[in-house]
Amino acid sequence: MDRILAERGPAGIRLGPVEWASTFRVHRRICTRFQHGRVFLVGDAAHVHSPAGGQGLNTGVQDAHHLATAMAAVAHGRAGEELLGSYTRWRKPVVRRVVREADLQNRLWLLRCPAAVTARDVAVRLADRAGLLRRYARVLANRSAGSKTNRPAGSAGRHTV
């Protein structure tokens, strides 16, 4: 691990002894629907995936923010109840994209075939030199999710992220 860290990680970091270890399994699951009557699922209750890229927390917070914004719009008479009924429809495309991206990253980082690892590492270095990794950072941070599918239909733009 020290050799891999020296090759691929920031300079000057040394690993210490392992104090605890366990088996980690990656799951890739999305609920069929994020709402049943007046019960809504957000974040890890609605979708689970690899932690690759750290997008899970961002997506869960966005789920909660968008749902709270829609609930406030309905409660204050700025939107009808049908807005809440569309929650699954306007969040699911965003969640699908995030889960797909996390799964792809997970598969790339866990490659075992030496030729595939070398190809991946060369591609990452070339992408970094070309400035592509900075653009991809927006995807990793889930900041590129400003599409129409990220906004509840009928909600005012100032009430959404």
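Residues numbered from 1 in each chain as written. Predicted model: local features only at pLDDT ≥ 70, side-chain atom pairs only at ≥ 80, totals over all residues. Heavy atoms only, no water.

As for the pattern of salt bridges
Phase 1: Under the counting rule described, the total for this entry stands at six salt bridges.
Phase 2: With a closest N to O distance of 2.8 Å, E7 and R3 form a salt bridge. Of the two residues, E7 and R3 both sit in helix 1 (residues 2-8), four residues apart, roughly one turn of that helix.
Phase 3: Residues participating in the shared-partner salt-bridge network are R8, R120 and D121. (Salt bridge = Lys/Arg side-chain N within 4 Å of Asp/Glu carboxyl O. Helix = DSSP H or I, 4+ residues; strand = E, 2+ residues; numbered from the N terminus.)

A closer look at the packing of aromatic side chains
Phase 1: Per the counting criterion, the structure on display carries three aromatic pairs.
Phase 2: Consider the rings of F40 and Y87, whose centres lie 5.6 Å apart with planes at 80°: the pair is edge-to-face. Residue F40 is located in strand 3 (residues 39-40), and its partner Y87 is located in helix 4 (residues 87-109); the two are separated by 47 residues in the primary sequence. Residue F40 shares its accessibility class with Y87, and that shared class is buried.
Phase 3: Ring geometry for Y87 versus W90: centroids 5.3 Å apart, planes at 85°, classification edge-to-face. In this pair, Y87 and W90 are both assigned in helix 4, three residues apart and thus about one turn of the helix distant. Across the pair, exposure class does not vary: Y87 and W90 are buried alike.
Phase 4: Feature note: the residues F34, F40, Y87 and W90 constitute an aromatic cluster, connected by ring pairs. (Phe/Tyr/Trp six-rings, centres within 6.5 Å; stacked < 30°, edge-to-face > 60°. Buried < 20%, exposed > 50% of the residue type's maximum accessible area, 1.4 Å probe, protein only.)

Nothing here speaks to function; it is geometry throughout.
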